[in-house]
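So the chains spell out like this:
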Amino acid sequence: MASILVVGSVAYDSVETPFGKVDHALGGSATFFSVAASFFAEVKLVACVGGDFSQDDLKLFQSRNIDLTGLQRVDGKTFRWSGRYGYDLNDAETLDTQLNVFADFHPQIPEAHRDCDYVFLGNIDPALQRQVLSQVKSPKLIVLDTMNFWISGTYKSLKQTLALVNVLVINDAETRQLAQEPNLVKAARKILSWGPHTLVIKRGEYGVLMFQKNSPDPELSAFGVPGYPLEEVFDPTGAGDSFAGGFVGYLAGVDRQDTRAMRQAIIFGSVMASFNVEKFSLNRLKELTFTEVGLRYKEFRRLTHFDDLEEEY
Ligand code: AMP
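Residues numbered from 1 in each chain as written. Predicted model: local features only at pLDDT ≥ 70, side-chain atom pairs only at ≥ 80, totals over all residues. Heavy atoms only, no water.

**Quick word on the pattern of salt bridges**
Here comes step 1: By the definition in use, this model includes 14 salt bridges.
Here comes step 2: The partner of Arg 284 in a salt bridge is Glu 278, and the shortest N-O contact between them spans 2.8 Å. Glu 278 shares its class with Arg 284; the two are buried.
Here comes step 3: Note that Arg 284 and Glu 292 form a salt bridge whose closest N and O atoms lie 2.9 Å from each other.
Here comes step 4: Within the structure, one salt-bridge network assembled from shared partners comprises Glu 278, Lys 279, Arg 284, Glu 287, Glu 292 and Arg 296. (Salt bridge = Lys/Arg side-chain N within 4 Å of Asp/Glu carboxyl O. Buried < 20%, exposed > 50% of the residue type's maximum accessible area, 1.4 Å probe, protein only.)

Structural data, given as structure tokens:
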């Protein structure tokens with residue numbers, strides 16, 4: 001089993017959905033990612049929190065055996081994000097972003113983490129993402145996440161980071177915004193010409209599309225899965241990051257980066273995201289068991305299975 005280095009935000013989130021509200025709940029891109037990935041592989045977290053970060057929240061990371069050597073604790077307040085979702089839970093409206101201790105964060109990768117084979121660059125300033133890459137040795141797979149905040153605020157810098165990574169995981173609106181192209185296939189072709197060989201597009205409750213370039217073949221290969229049909233969805237916050245956690249976690253767990261493994265990883269990512277949205281904050285992932293993960297993977301197989309036409313005749 002290989003290990004994963006993850007760098008991203010650890011946050012306190014205030015979230016409002018049509019079904020309820022939470023204030024200052026544990027969140028952040030690296031948090032959802034790490035907890036989801038810890039079901040499959042060893043996770044080493046690099047992030048920064050303020051003096052207000054609670055012991056109970058630290059214990060949650062420890063209970064999942066997440067390595068916290070790279071978690072900096074500094075004076076000041078932990079990153080805060082507040083957002084609201086309407087009935088269309090695919091669309092988060094950011095109400096407030098307070099970088100706080102993140103404003104002066106410079107990721108320091110501990111010596112022991114520099115030879116990690118899998119790197120996940122969570123949703124943070126693309127310049128910081130490059131600082132991480134300059135400190136790691138030669139990972140087998142580098143996966144990048146970002147969001148509209150950075151696409152509109154730091155476009156050029158983000159393109160520089162993109163040139164250095166293998167896989168980009170973003171949602172459909174971000175794909176269109178980044179490529180400045182409304183058609184997802186054309187957008188994928190454009191983004192894949194900038195560096196990554198794989199683009200994973202999260203489409204909220206509608207599922208995931210993966211595009212890969214297999215040079216010298218000019219055609220992109222595409223793979224798509226639906227979202228798991230859930231009756232109870234409470235809070236989509238962290239769905240993207242728990243998806244990425246299941247996706248990269250599985251690849252590191254089996255230590256493979258081929259297309260077959262990536263397709264299975266898409267399902268594990270979708271499984272983790274589908275659990276995450278069932279309760280607020282980390283509440284569902286906290287109580288999740290690996291048996292439940294395996295069962296939902298099987299349900300995904302049933303959901304997407306159909307027979308070849310020839311077999312009918
Ligand atoms: P998602 O998986 O896309 O729903 O990500 C949700 C998490 O991203 C929340 O827990 C937020 O704390 C975090 N977040 C929101 N905005 C930012 C930002 N600008 N930089 C880093 N993290 C953010």
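**Remarks on the sheet that holds strand β12 (residues 208-214)**
Two modes of strand pairing occur in sheets, parallel and antiparallel, and in both the strands are linked by backbone hydrogen bonds.
Here comes step 1: Judged by pairing direction, the sheet is mixed, and its 9 strands sit side by side in the order β5-β4-β1-β8-β9-β10-β11-β12-β13 without closing on themselves. Of all the strands in the sheet, just β5 (67-73) and β13 (217-225) have a single pairing partner and so form its edges. Averaged over neighbouring strand pairs, the angle between their axes works out to 15° when direction is ignored.
Here comes step 2: Pairing of strand β9 (residues 141-145) with strand β10 (residues 167-171), which is carried by 3 bridges, proceeds in the parallel orientation. (Pairing = 2+ DSSP bridges. Helix = DSSP H or I, 4+ residues; strand = E, 2+ residues; numbered from the N terminus. Axes fitted to C-alpha atoms, helices over the stretch in contact; angles between N-to-C directions.)

**Quick notes on the packing of aromatic side chains**
Here comes step 1: In the structure shown here, the tally under the stated rule is 12 aromatic pairs.
Here comes step 2: Ring geometry for Phe 102 and Phe 105: centres 4.9 Å apart, planes at 55°, overall tilted. Grouping residues by exposure puts Phe 102 and Phe 105 together as buried.
Here comes step 3: Here Tyr 250 and Phe 268 contribute two aromatic rings whose centre-to-centre distance is 4.8 Å and whose plane-to-plane angle is 25°, an arrangement assigned as stacked. Here the residue Tyr 250 occupies a position in helix α8 (residues 239-254), and Phe 268 occupies one in helix α9 (residues 259-276), the gap between them amounting to 18 residues.
Here comes step 4: For Tyr 250, a relative accessible area of 14% puts it in the buried group.
Here comes step 5: Taking the relative accessible area as the measure of exposure, Phe 268 reaches 11% and is therefore buried.
Here comes step 6: Pairwise contacts between aromatic rings join Phe 40, Tyr 250, Phe 268, Phe 290 and Tyr 297 into one cluster.
Here comes step 7: Sitting over the ring of Trp 194, Lys 159 keeps its end group 4.1 Å from the ring centre. (Phe/Tyr/Trp six-rings, centres within 6.5 Å; stacked < 30°, edge-to-face > 60°. Lys NZ or Arg CZ within 6 Å of the ring centre and 35° of its normal.)

**Considering the site of the ligand**
Here comes step 1: Taken together, the neighbourhood of the ligand is formed by 18 residues, with Asp 13, Gly 28, Asn 123, Gly 238 and Asp 241 sitting nearest.
Here comes step 2: The side chain of Asp 13 places a nitrogen or oxygen atom 2.4 Å from an oxygen atom of the ligand.
Here comes step 3: Between the ligand and the protein, one listed contact pairs an oxygen atom with a side-chain N or O atom of Asp 241 at 2.6 Å.
Here comes step 4: Calculation on the ligand without its partners gives an accessible area of 510 Å², and the protein chains cover 88% of this total.
Here comes step 5: Among the elements of the structure, β2 (11-17), β6 (79-85), α4 (148-153) and α8 are those that each provide at least two residues to the shell around the ligand.
Here comes step 6: Its residues assigned to classes, the shell around the ligand comprises 9 nonpolar, 7 polar and 2 charged. (Near = heavy atom within 4 Å. Polar contact = N/O pair within 3.5 Å; in protein donor to acceptor, adjacent residues only side chain to side chain. Areas by Shrake-Rupley, 256 points an atom, 1.4 Å probe, with all protein chains shown as cover. Nonpolar A, V, L, I, M, F, W, Y, C, P; charged D, E, K, R; others polar.)

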